[in-house]
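The residues making up each chain are set out below.
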Amino acid sequence: MDNLNTETMDTNRLSKKIEDILNKQAAKEAEAAQVFLSYGCWADSEGYGGIANFFFRHVAEERDHMMKVIQYIMQRGGTVKITAIKAPPADPKNLQDCFEKTFKHEVDNTTAIYEIVNLAHEERDWATYNFAQWFVKEQMEEEKMVMDLLDKLKIAGGPKATDESLFNLDKFMAEAPDEAPLARDASMDNPE
């Protein structure tokens, strides 16, 4: 009988550093879902049903992002590590605080995505670099969307907005699109 090789081939196509940073990002996306869930619950308790609905829709989107990262790790032969996530922050003081915290959260997530891109470039892991580009575009949309919300709140009066202005903003948010137009998609025929 021939000697059977009992060792199996290592099919993991991710370096340890890439695998770790991707697992960290999966947890970050799960954390974002919890943050937006808490903001949605807060908005609902304040009577902002449209804004609550906006945040609840984004909970599912953040969970989808988490699954994209998890599936990519598995597709590349890596090991997914599910870890605990932090509790959401304290409830916002008002809508201005809520939207500002949401923007900061998105910018922090963009920074984390850039770290993945930079590491993939440094390691010449072009598959991960290419995979991360989807998230770069997504973060551009997310940041733009929240900047638009902050602009709309500013027009409504910011922290001093009237109840009528906030009512109209809440109504708008219930029907607002979940994606923002990006400059890179603009043309003379379609400027937005």
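A.B. asks: Lay out the environment of Leu37 with the relevant residues and their values.
C.D. replies: The topology assignment puts Leu37 in helix H1 (residues 16-45). The class for Leu37 is partly exposed, based on a relative accessible area of 28%.

A.B. asks: Quick one: what's the story with the nonpolar core, residue by residue and with numbers?
C.D. replies: Ranked by size, the top nonpolar core spans 24 residues in total, and within it Ile51, Phe55, Leu95, Phe99 and Met173 carry the most contacts. When residues of this core are traced back to their parent elements, those giving at least two are H1, helix H2 (49-75), helix H3 (95-123), helix H4 (126-156) and helix H5 (163-175). It is H1 that contributes the most residues to this core, 6 residues altogether. Leave out the neighbours within four places in its chain, and Leu95 touches Trp42, Tyr48, Ile51, Leu153, Leu166 and Leu169. Residues Ile21, Leu22, Ala30 and Ala120 belong to the second largest nonpolar core, which totals 20 residues.

A.B. asks: Kindly report on empty space enclosed by the protein, identifying the contributing residues and their values.
C.D. replies: Per the stated rule, a full pass over the model turns up 2 cavities of 30 Å³ or more. Considered as a void within the structure, the largest cavity measures approximately 40 Å³ in volume. Around the largest cavity sit Leu22, Gln25, Val69, Ile113, Ile116, Phe131, Ala132 and Phe135, which together line it. The leading source of residues in the lining of the largest cavity is H4, at 3 residues. Residues of the lining of the largest cavity, tallied by class, amount to 7 nonpolar, 1 polar and no charged.

A.B. asks: Outline the pattern of salt bridges, listing residues and values.
C.D. replies: Opposite charge on two side chains permits them to pair, given that their charged atoms come into close proximity. Counted according to the given criterion, the structure contains 7 salt bridges. Salt-bridge contacts for Asp97 lead to Lys101; the nearest nitrogen and oxygen are separated by 3.2 Å. You can see Asp97 and its partner Lys101 sitting in helix H3, 4 residues apart, about one turn around the helix. Judged by relative accessible area, which is 28%, Lys101 ranks as partly exposed. The salt bridge partner of Glu141 is Lys137, with a shortest N-O separation of 2.9 Å. Placement of both Glu141 and Lys137 in helix H4 is noted, with a separation of 4 residues, approximately one turn of the helix. Overall, Glu141 belongs to the buried group, its relative accessible area being 9%.

Thresholds applied
The residue count restarts for each chain, going from 1 along the sequence in the order it is written. In keeping with the model being predicted, local features are shown solely for residues with a pLDDT of at least 70 and side-chain atom pairs are shown and tallied solely at 80 or more, while totals for entire chains, interfaces and linings include all residues. Side-chain measures were taken over the full set of non-hydrogen atoms in the model, leaving aside hydrogen atoms and water. For helices the rule is a DSSP run of H or I covering at least 4 residues; for strands it is a run of E covering at least 2, with both sets numbered from the N terminus onward. Summary of the burial criterion: residues with accessible area below 20% of their type's maximum are buried, those above 50% are exposed, and those between are partly exposed, where the area comes from a 1.4 Å probe applied to protein chains only. Only buried residues count toward a nonpolar core, which is a set of Ala, Val, Leu, Ile, Met, Phe, Trp, Tyr and Cys residues joined through side-chain atoms within 4.5 Å. Only heavy atoms matter for contacts: two residues are in contact if any of them lie within 4.5 Å across the pair. The way it works is a 1 Å grid over only the protein atoms, where trapped points that fit a 1.4 Å probe form a cavity and open points with protein on both sides within 12 Å along at least five of seven lines form a pocket, and then any residue with an atom within 4 Å of a point lines it. Grid points are joined across faces, edges and corners, and a volume is the space filled by probe spheres set on the points. Ten residues, namely Ala, Val, Leu, Ile, Met, Phe, Trp, Tyr, Cys and Pro, are considered nonpolar, four, namely Asp, Glu, Lys and Arg, are considered charged, and the remaining ones, Gly among them, are considered polar. By definition, a salt bridge exists where a carboxyl oxygen of Asp or Glu is found within 4 Å of a side-chain nitrogen of Lys or Arg.

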